[in-house]
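So the chains spell out like this:
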Amino acid sequence: MDSAQLRMFLPPRHRDAEIEMWSIEKVQRKEMHAEKIPSSASPRLGGDNGWLFSRNIDLSVFLGSAVVSLLLLAVGWRLGILNEESPDWTWITAVLLIDVAHVWSTSFRVYFDSDEFKRRFWLYLLVPICGYAVGVALYSEGELTFWRVVAIVAVFHFVRQQYGWVALYRRKLDEMASWSWWIDAVAIYLATVCPRACWVASLPRNFNWFVEDDFFNVPIVVESILFPFYVLALTAYFAKSLYLYFSNGFLNIGKDIVVATTAVCWYVGIVFLNSDYAFTVTNVIIHGVPYFALIYFYAKAKRETSGPIYRTMSQHWLIFLATLWALAYVEELFWNRGVWHEKEWIFGLSWDWTEWKVWLVPLLAVPQLTHYILDGFIWRRSGNENVARAV
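Because the structure is predicted, anything quoted here is derived from the model rather than measured. (Residues numbered from 1 in each chain as written. Predicted model: local features only at pLDDT ≥ 70, side-chain atom pairs only at ≥ 80, totals over all residues. Heavy atoms only, no water.)

Trainee: If you had to explain the overall build of the chain to someone new, which residues and values would you point to?
Mentor: Scanning the chain from N- to C-terminus turns up 17 helices and zero strands. The proportion of buried residues among the 391 residues of the chain is 47%. Once local pairs closer than 6 in sequence are excluded, the contacts in the chain between residues at least 24 apart make up 73%. Carbon and sulfur atoms form 66% of the exposed surface of the chain, whose accessible area is close to 19900 Å². (Helix = DSSP H or I, 4+ residues; strand = E, 2+ residues; numbered from the N terminus. Buried < 20%, exposed > 50% of the residue type's maximum accessible area, 1.4 Å probe, protein only. Contact = heavy atoms within 4.5 Å. Areas by Shrake-Rupley, 256 points an atom, 1.4 Å probe, with all protein chains shown as cover.)

Trainee: How would you summarise the environment of W359 if you had to cite specific residues and measurements?
Mentor: With respect to the helices, strands and loops of the structure, W359 is situated in helix α16 (residues 357-374). Apart from the residues lying within four places of it in its own chain, the contact partners of W359 are Y132 and V136.

Trainee: Could you give me a rundown of the nonpolar core, with the residues and numbers involved?
Mentor: Considering soluble globular proteins, one finds that nonpolar side chains tend to be buried as a cluster. Judged by nonpolar contacts, the single largest core of 99 residues is most densely connected at F62, F146, W209 and F320. The greatest single-element share of this core, amounting to 15 residues, is contributed by helix α12 (residues 276-302). Setting aside chain neighbours within four positions, we find F146 in contact with G135, L138, Y139, V361, P362 and A365. (Core = buried A, V, L, I, M, F, W, Y, C linked by side-chain atoms within 4.5 Å.)

Trainee: Lay out the packing of helix α7 (residues 121-141) against helix α8 (residues 143-172) in plain terms, naming residues and giving numbers.
Mentor: Where α7 meets α8, the closest approach of the two axes is 5 Å, and the angle between their N-to-C directions is 135°. With respect to α8, the element α7 is oriented oblique. Two secondary-structure elements touch here, α7 through G135, L138, Y139 and E141 and α8 through E143, T145, F146 and V149. Of the residues contributing to the contact of α7 with α8, the split by class is four nonpolar, two polar and two charged. (Axes fitted to C-alpha atoms, helices over the stretch in contact; angles between N-to-C directions. Parallel < 35°, antiparallel > 145°, perpendicular 65-115°, else oblique. Nonpolar A, V, L, I, M, F, W, Y, C, P; charged D, E, K, R; others polar.)

Trainee: Describe the packing of aromatic side chains, listing the residues and the values that go with them.
Mentor: Following the criterion strictly, the structure yields 43 aromatic pairs and no others. Between F108 and Y310, the aromatic rings sit 5.9 Å apart at their centres with planes inclined by 65°, giving edge-to-face as the arrangement. Of this pair, F108 sits in helix α5 (residues 106-109) while Y310 sits in helix α13 (residues 308-313); the two residues are 202 residues apart in sequence, bridging distant segments of the chain. Overall, the relative accessible area of 3% leaves Y310 in the buried class. Among the aromatic residues, those joined into a ring-pair cluster are Y139, F146, W147, F158, W199, F207, W209, F210, F215, F279, W335 and W340. R109 extends its terminal NZ or CZ atom over the ring of W379, reaching a point 5.2 Å from the ring centre. When the ring centre of W91 is taken as reference, the NZ or CZ atom of K343 above it lies at 4.6 Å. (Phe/Tyr/Trp six-rings, centres within 6.5 Å; stacked < 30°, edge-to-face > 60°. Lys NZ or Arg CZ within 6 Å of the ring centre and 35° of its normal.)

Trainee: Run through the confidence of the model for the chain, naming residues and quoting values.
Mentor: Regions with low pLDDT should not have their predicted coordinates read in detail. Chain-level pLDDT for the chain is 88 on average; 85% of the residues reach the 70-or-more range. pLDDT under 50 marks residues 1-47. Its contacts with residues more than four places away, or in other chains, come to 36 contacts. (pLDDT = per-residue confidence, 0-100.)

Trainee: Residue-level account of the pattern of salt bridges, with values.
Mentor: Pairing between side chains of opposite charge can happen when the charged atoms of each approach one another. Scanning all chains against the criterion turns up eleven salt bridges. The residue K302 makes a salt bridge to D113 at a minimum N-O spacing of 3.8 Å. With K302 in helix α12 and D113 in the loop between α5 and α6 (114-119), the pair connects residues that are 189 residues apart, well separated along the chain. The same class applies to K302 as to D113, namely buried. The shortest N-O distance in the salt bridge between R120 and E116 comes to 3.7 Å. Within this structure, R170, E175, D184, K240 and K255 form a network of salt bridges that share partners. (Salt bridge = Lys/Arg side-chain N within 4 Å of Asp/Glu carboxyl O.)

Trainee: Report on the packing of α7 against α16, specifying residues and quantitative values.
Mentor: When two helices pack together, their arrangement is given by the angle between their axes and by how far apart the axes lie. Interaxial distance between α7 and α16 falls to 8 Å at its minimum, and their mutual angle equals 135°. It follows that α7 is oblique to α16 by the angle criterion. The crossing of α7 and α16 is right-handed. Side by side, α7 and α16 meet where L123, Y124, V127, P128, G131, Y132, G135, V136, Y139 and S140 of the first sit next to K357, V358, W359, V361, P362, L363, V366, L369, T370, I373 and L374 of the second. Among the residues forming the contact of α7 with α16, the class breakdown is 16 nonpolar, four polar and one charged. (Left-handed = near helix turned anticlockwise from the far one by under 90°.)

Trainee: Talk me through unusual backbone geometry; I want residue IDs and the actual numbers.
Mentor: Both trends apply: most residues other than glycine have a negative phi, and most peptide bonds are in trans. Cis geometry is found at the peptide bond from L203 to P204, where omega equals 0°. Among the structural elements, P204 can be located in the loop between α9 (178-200) and α10 (220-248).

Trainee: Lay out helix α3 (residues 55-79) in plain terms, naming residues and giving numbers.
Mentor: An ideal rise of 1.5 Å per residue puts 36 Å on 25 residues; α3 measures up with 34 Å between its terminal C-alpha atoms. Maximum bend of α3: about 35°, positioned at G64. Within α3 the residues assigned to the buried category are D58, V61, F62, S65, A66, S69, L72, L73 and G76. Where α3 is buried, its residues touch α4 (88-104), α8, α11 (253-272) and α12. (Expected span 1.5 Å × (residues − 1). Bend = angle between axes of the 7 residues up to and from the residue.)

This is the structure we're talking about:
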């Protein structure tokens, strides 16, 4: 006779109490199990349930971009430019077609999307206006003051974007445990902050963010303090990933790729090597390429309810990229002819903006400042079904 049959002979009061206790125990077992293994189950490389976009897309834009970056270091070594300034072909492919273009891709998320622009009209209107006003005020205090503030905002954006990918992958697989969040967050933040600390603790370097001296020097002790925590945080992260895989079969391979490629590319490009070429190919490509994918898949999710111009510009990834490349070229034309006075072979003769720089330089910086600031608002899933559909 099994336990279910025995319960039939118990008095009703006792039987009800036992059933209640059994139900509580069952719920508790479910909760304990849910804390160990996310509800979406353990993803395998053969399926798409654990990826932001799809298995092939994620591997291409996250792992593939990092592999290309490292291969370009090998190419630079073979060509004898690994420790030199970036040649023109690197500037065009990495800076113009990726870095500057990905800034303009925010337009597909906000300004080309009339419904989204109306939804948070004042935010999207005031950010560029206030950015320009603050930029003029900073530039009037000195050109270097302006560039130092913009560089700080840019670094913050670069760091936060890598954390953003980790957060998206955690949400994708319903990783809710606070202890694992702390390990993930500390690992990705130190993977980005520690190389920057090494950079500013060893100034001058053979590369800059925007202009020479756009970072403040910090004592070398900052690097000495951070580095052991950097090693410990990354060790803890991958130990945690291995533990979850072998104990529960849980694997968030996309998140692991983001953390690993960030740690490798940022350390190699900023700390291990010391050249403009190495910094450009290792930082710009892994930053911009995944963002292209994010914006493009958002545009695909939005296309059905958008206007004809938006649908045309986002109907194919080549048209999408060509639109961004055209906008990037126009922006760089003004930068190079009016401010930097470089690359006349592609942009033409220089203009004399000496008396107007205080007004025009902050104006040219508005797209990137807008991108840096709005990126902290526009990818929150709550209240935005298009973001949820895109990733």
